[in-house]
Amino acid sequence: MQNNSMTKPKSMTFVLYLLPSILLYTFIVFVPIVLAGYYGFFDWSGGVSKTFIGFQNYLGLFSDDEFKKSFVNNIYLTFLCIVGQIGLAFVFAAMLNSKLIKFKPFHRTMTYFPSILSAVVIGFIWNMIYDYNYGFLNTMLTKLGMSQYVQPWLNNEKMALTLVSIPLIWQFVGYYMIILMSSMAAIDPQIFEMAEIDGATGWKKARYITLPMIKNTLIVCVTLCIAGNMKVFDHIYVMTGGGPGDATNVMAMYAYKTSFVSYKMGYGSAMSIGILILSLIVIGSTRYVLTRLSREKE
Amino acid sequence: MKKTQKAISLLLSVLMAGSLGACGTGSQGSTSGSGTSEAKQEITISHYYIEEQRNQDADGDSFYAMLEKYQKAHPNVKITQTAMDQSDYATKIQAQAAVGEMPDVFLVKGSWFNNFVSNKLIAPLNEILDSYDKKDTYRDGIFDAATVDGKIYGLSTQFSVTSLVFYNAKMWKDIGYDKFPDNWNDIYAAIKKFNAKGITPIALGNKDKWPAESCILSALGDRYTGTDWTKSIIKKDGTAKFTDTSFVNALDQLQKLSKAKAFNADFNSIQNNPADEYYCSGKAATTIEGFWEIAYLTENATPDVLKNTKIAILPPVDGGKGSADSTSGGCGWFMGMSNALTGEKKKLVQDFLLSMYGYDYSEYVATEHGLPAPCNVKLDDVSKFPQLTQDYLKLMETTKLTPIYDIQMEGSVIETMNSGIQQLMNGSKDAKTVAAAIQTEQDKVAKKK
């Protein structure tokens, strides 16, 4: 009897325990989203006077080329980050799990370290790396005798988006590495021993044992990565401010500028709802495809 | 036993949640509580004057001087200030405006007035200005950007000139020019000579997107289009269009300058202060900035550079409609008052505003910093000021002012223009495309009115 009540608390207890967080979540996340959805129906420049305009703001999103372009930029960033963050994290995690690597705690700490820095700090560090006159990148190029490649990096419209993705990858690779390492640690070592007896090498072990065994964790990582990149703002705000022109404009940046630089609060609100829906669609479809793919293999 | 443990932990968690809530209201209560103790009255003010930068910011220094004077005269009025960097300030005050919670007194940019007035966030100041005995000392047109439907909504905090050419006379002399050229052919020739010597012809930091537009295009554009065109754009009456040949030509000129390598290569990825460093350290021969640069250079330039710095305005253009002895200027930022104030508090704040930004302010700006101020102040002796300041005062005697684009045009139009200019100067879009994009935004805004 007593044992039972220990393992299974009453549903009332659940509710009471959860209540504080639910209340906080409701007022910090849920209410603002509903309000943004509501404001999206108005022509509103901030302040008291609002004009109801129905779905005009929401429909306007479909014909807004700049919004489309920033969505494409988000997708491009997401793609680079999935490959860069999770791909590298997988490689690093596999290496740290192998017996060949020395000083594992050191490597682990150093790789995770950027994750604890604030985005503004990361932005400034990389601004210094890309700096035209004193930047690390240009200095190295000059030292290596490749001064023909020296350029004001973030001024290059074609490369700017790729360049701002590198700090993002650098910062979060450690985060995914820790998640993947813990999931790899959960794999029964006997499986690896068996495989080694059968003659499997490092790459084959990673491809045919580790990867299938941690695929659920990988799907979670991809989801987190997409969610993170759909709302990316602060790194880009610090490094380029969306420029040059609109080369590194992302959806969150555009929504911010629409609301607080162009004073179109109503349209900005509609846009944030648009970002929410688009993110849900992208995450949902990726998850669907990934789970389908992994199931088919079995 | 287990039951009581459970009960205790539940109680604790509820208490914790409760204390979280209590914390929130508690801390809020104390800040407002300390200000409103019976004997003391409180005025809240938001601005972008950072106290640590007083010595390189003439406006800021004058603001603090006036504030100290007011505090001395009114020791029982508590002034609560919120000060932050200018771009942060713009974000914060816009967010406050969105929820209608304005401080009592706050800085307002010229282009915000339409929005703030239509949202009833800001109070008209005509009644205090009309009864002010020194009203006539204010310069003509200084309230232009703060006037909506004939009413004035803000007191001018500055007499701002946004486009001035600061050039290193010695460096220009070295390549054969006694003074800054009065025609563009010479400028392009000089750009070539400077580049051959490894000197940046013009330092520009356009990462924040406004410098190229506010400090160069505002004046250059007027050379081509004339001021009537700009006024029509500001009024949104549809007569003038950004796609007009004259404006497209101005954009074209800007692109040509960039193509000729007139600017430092990283002009789109650094802010204006790092760009000023090029000039201050003698790596660049010229910089085009606003009047604020005088204080900045005095503080930061090497003595050699400072000694050789001279001031000029952009040269006229062939076939331009604008006058050659003008540059972009006026008042960009105003001090406004919340519309929510009533009764005695309103009276108190009105008095505060006038004692801050009345004639005394201008007198302080003029006598302490030697700068032209919102009110006309006659200076008998300017010789005590640095040479650069004297040169500026002399130049301003003969220079007329034209509207500053980003102070008077709509925010969304300016945003499109600023982004477009970055692409234009990078060479990724041509002048016609950029002009068309700006006009599309202007059409959207005009349709709404």
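Procedures and definitions
Residues numbered from 1 in each chain as written. Chains lettered and ligands numbered in written order. Predicted model: local features only at pLDDT ≥ 70, side-chain atom pairs only at ≥ 80, totals over all residues. Helix = DSSP H or I, 4+ residues; strand = E, 2+ residues; numbered from the N terminus. Buried ≥ 20, exposed ≤ 12 C-beta atoms within 10 Å, placed from the backbone. Contact = placed C-beta atoms within 7 Å. Rg over C-alpha atoms; globule rule 2.2 N^0.38 Å. Pairing = 2+ DSSP bridges. Axes fitted to C-alpha atoms, helices over the stretch in contact; angles between N-to-C directions. Domains from an automatic or database assignment. Nonpolar A, V, L, I, M, F, W, Y, C, P; charged D, E, K, R; others polar. Core = buried A, V, L, I, M, F, W, Y, C linked by C-beta atoms within 7 Å. Parallel < 35°, antiparallel > 145°, perpendicular 65-115°, else oblique. Left-handed = near helix turned anticlockwise from the far one by under 90°. pLDDT = per-residue confidence, 0-100. Right-handed = clockwise from strand over helix to strand, strands pointing away.

**Re the overall build of chain A**
Reasoning step 1: A count of helices and strands for chain A gives 14 helices and two strands.
Reasoning step 2: In terms of principal-axis extent, the alpha carbons of chain A reach across some 75 × 75 × 35 Å.
Reasoning step 3: For chain A, the proportion of its 298 residues judged to be buried stands at 34%.
Reasoning step 4: Taking all contacts inside chain A whose residues are at least 6 apart in sequence as the whole, residues at least 24 apart take part in 71%.

**So, the overall build of chain B**
Reasoning step 1: Within chain B one finds 19 helices and 14 strands.
Reasoning step 2: For 449 residues, the compact-globule estimate of 2.2 N^0.38 gives 22 Å, and the C-alpha radius of gyration of chain B, at 25 Å, lies within 12% of that figure.
Reasoning step 3: Once the C-alpha set of chain B is aligned to its principal axes, its extents read approximately 90 × 60 × 50 Å.
Reasoning step 4: Relative to its full complement of 449 residues, chain B shows a buried share of 46%.

**Describing the interface of chain B and chain A**
Reasoning step 1: Facing 30 residues of chain B, the contacting portion of chain A comprises 27 residues.
Reasoning step 2: When contributions to the side of chain B that touches chain A are tallied by element, the ones reaching two or more residues are α1 (2-35), α3 (86-99), α4 (113-118) and α18 (411-426) of chain B.
Reasoning step 3: Counting residues per element, the side of chain B that touches chain A draws most heavily on α18(B), which supplies seven residues.

**Remarks on the sheet that holds strand β1 (residues 41-47) of chain B**
All names here are of chain B.
Reasoning step 1: On the basis of which strands lie adjacent, the open sheet formed by five strands has the order β2-β1-β3-β13-β6 and mixed pairing. Each having just a single partner strand, β2 (77-83) and β6 (155-156) make up the two edges of the open sheet.
Reasoning step 2: With respect to the sheet, helix α14 (residues 343-357) is in contact with β1, β3 (105-109), β6 and β13 (333-337), its orientation differing from that of β13 by roughly 160°.

**Notes on the domain arrangement of chain B**
All names here are of chain B.
Reasoning step 1: Partitioning chain B into domains gives domain 1 (38-159 + 331-369) and domain 2 (162-329 + 396-448).
Reasoning step 2: Once you take the C-alpha centre of each, domain 1 and domain 2 turn out to be 29 Å apart.
Reasoning step 3: On the side of domain 2, 10 residues touch domain 1, which itself brings nine residues to the contact.
Reasoning step 4: Considering only residue class, the side of domain 1 that touches domain 2 consists of two nonpolar, five polar and two charged.

**Considering the sheet that holds strand β10 (residues 284-289) of chain B**
All names here are of chain B.
Reasoning step 1: What the four strands build is an open sheet, ordered β9-β10-β8-β11; its pairing is mixed. Two strands close off the open sheet at either side, each with one partner strand: β9 (200-203) and β11 (309-312). Strand after strand, the sheet turns through a mean of 20° between neighbouring axes, direction not considered.
Reasoning step 2: Bridging between β9 and β10 involves three bridges; their strand directions are parallel. Note that in β10 the partner of I202 across the bridge is T286.

**Details of the pairing of β3(B)**
Residue and element names in this part refer to chain B.
Reasoning step 1: Along β3, five of the five residues are buried, which leaves the element largely enclosed by surrounding structure.
Reasoning step 2: With burial as the criterion, each face of β3 is covered, one bearing V105, L107 and K109 and the other bearing F106 and V108.
Reasoning step 3: As paired elements, β1 and β3 share two bridges and run parallel to each other. In the strand pairing of β3, I45 is matched with V105.
Reasoning step 4: When β3 meets β13, the two strands line up antiparallel, connected through five bridges. Pairing of K109 across the sheet is with W333, part of β13.

**Digging into the environment of A:M271**
Residues and elements named next belong to chain A.
Reasoning step 1: Relative to the elements of secondary structure, M271 occurs in helix α14 (residues 265-297).
Reasoning step 2: Its 27 C-beta neighbours within 10 Å are what place M271 among the buried residues.
Reasoning step 3: Separated by 212 residues in the primary sequence, M271 and L59 have C-alpha atoms spaced 10 Å apart.
Reasoning step 4: Dropping the residues within four chain positions of it, M271 is found in contact with L61, F67, Y254, A255 and T258.

**Some details on the nonpolar core**
Reasoning step 1: Ranked by internal contacts, the top residues of the largest apolar core, which has 175 residues, are A:A89, A:Y176, A:L180, B:V105, B:V165, B:L254 and B:L353.
Reasoning step 2: For this core, the element with the highest residue contribution is helix α8 (residues 160-185) of chain A, accounting for 12 residues.
Reasoning step 3: When residues are assigned to domains, this core turns out to be shared by domain 1 (38-159 + 331-369) and domain 2 (162-329 + 396-448) of chain B, each giving three or more.

**Some words on the packing of helix α2 (residues 58-73) of chain B against α14(B)**
Residue and element names in this part refer to chain B.
Reasoning step 1: Running from amino to carboxyl end, α2 crosses α14 at an angle of 130°, the nearest separation of the two axes being 9 Å. As the angle between them shows, α2 and α14 are arranged oblique. Considering the relative orientation of α2 and α14, their crossing is right-handed. Residues M66, L67 and Y70 of α2 form the contact with α14, whose own contacting residues are F352, S355 and M356.
Reasoning step 2: Residue classes in the contact of α2 with α14 are distributed as five nonpolar, one polar and no charged.

**Quick word on the confidence of the model for chain B**
All names here are of chain B.
Reasoning step 1: On average, residues of chain B score 87 in pLDDT, and 91% of them reach the 70 mark or higher.
Reasoning step 2: Taken together, the stretch residues 18-38 has pLDDT below 50 and engages in four contacts with residues farther than four places along the chain or on a different chain.
Reasoning step 3: In the predicted complex, the global pTM is 0.81; the interface-specific ipTM is 0.80.

**Side note on helix α9 (residues 189-197) of chain A**
Along an α-helix, residues three or four apart share an orientation, since each turn contains 3.6 residues.
Reasoning step 1: Burial of α9(A) is sparse: only zero of the nine residues sit out of reach of the surface.
Reasoning step 2: Where α9(A) terminates, the next one or two residues include A:G199, which has phi positive at roughly 95°.

**Section: the packing of helix α4 (residues 65-97) of chain A against helix α11 (residues 215-230) of chain A**
All names here are of chain A.
Reasoning step 1: In the contact formed by α4 and α11, the axes pass within 9 Å of each other and the chain directions differ by 140°. What the angle tells us is that α4 and α11 run oblique. Once α4 is placed against α11, the crossing between them reads as right-handed. For the pair α4 and α11, contact is made by N74, L77, T78, C81, I82, Q85 and I86 and by L218, C221, V222, C225, I226, N229 and M230, respectively.
Reasoning step 2: Class assignment for the residues of the contact of α4 with α11 results in 10 nonpolar, four polar and no charged.

**Here's the deal with the pairing of β1(B)**
All names here are of chain B.
Reasoning step 1: Bridge count between β1 and β2: seven bridges; the pairing is parallel. From the neighbouring strand, H47 faces β2, where its bridge partner is A83.
Reasoning step 2: For the handedness criterion, the β-α-β arrangement of β1, α2 and β2 is classed as right-handed.

**A look at the environment of B:A312**
Reasoning step 1: Relative to the helices and strands, B:A312 is located in strand β11.
Reasoning step 2: Judged by the 19 C-beta atoms lying within 10 Å of it, B:A312 falls in the partly exposed class.

**Details of unusual backbone geometry**
Residues and elements named next belong to chain B.
Reasoning step 1: A positive phi angle, close to 50°, is found at D149, a residue other than glycine.
Reasoning step 2: Its place among the elements puts D149 in the loop between β4 (147-148) and β5 (151-152).
Reasoning step 3: Notably, K209 is not glycine yet its phi reads approximately 75°, a positive angle.
Reasoning step 4: The topology assignment puts K209 in the loop between β9 and α8 (210-225).

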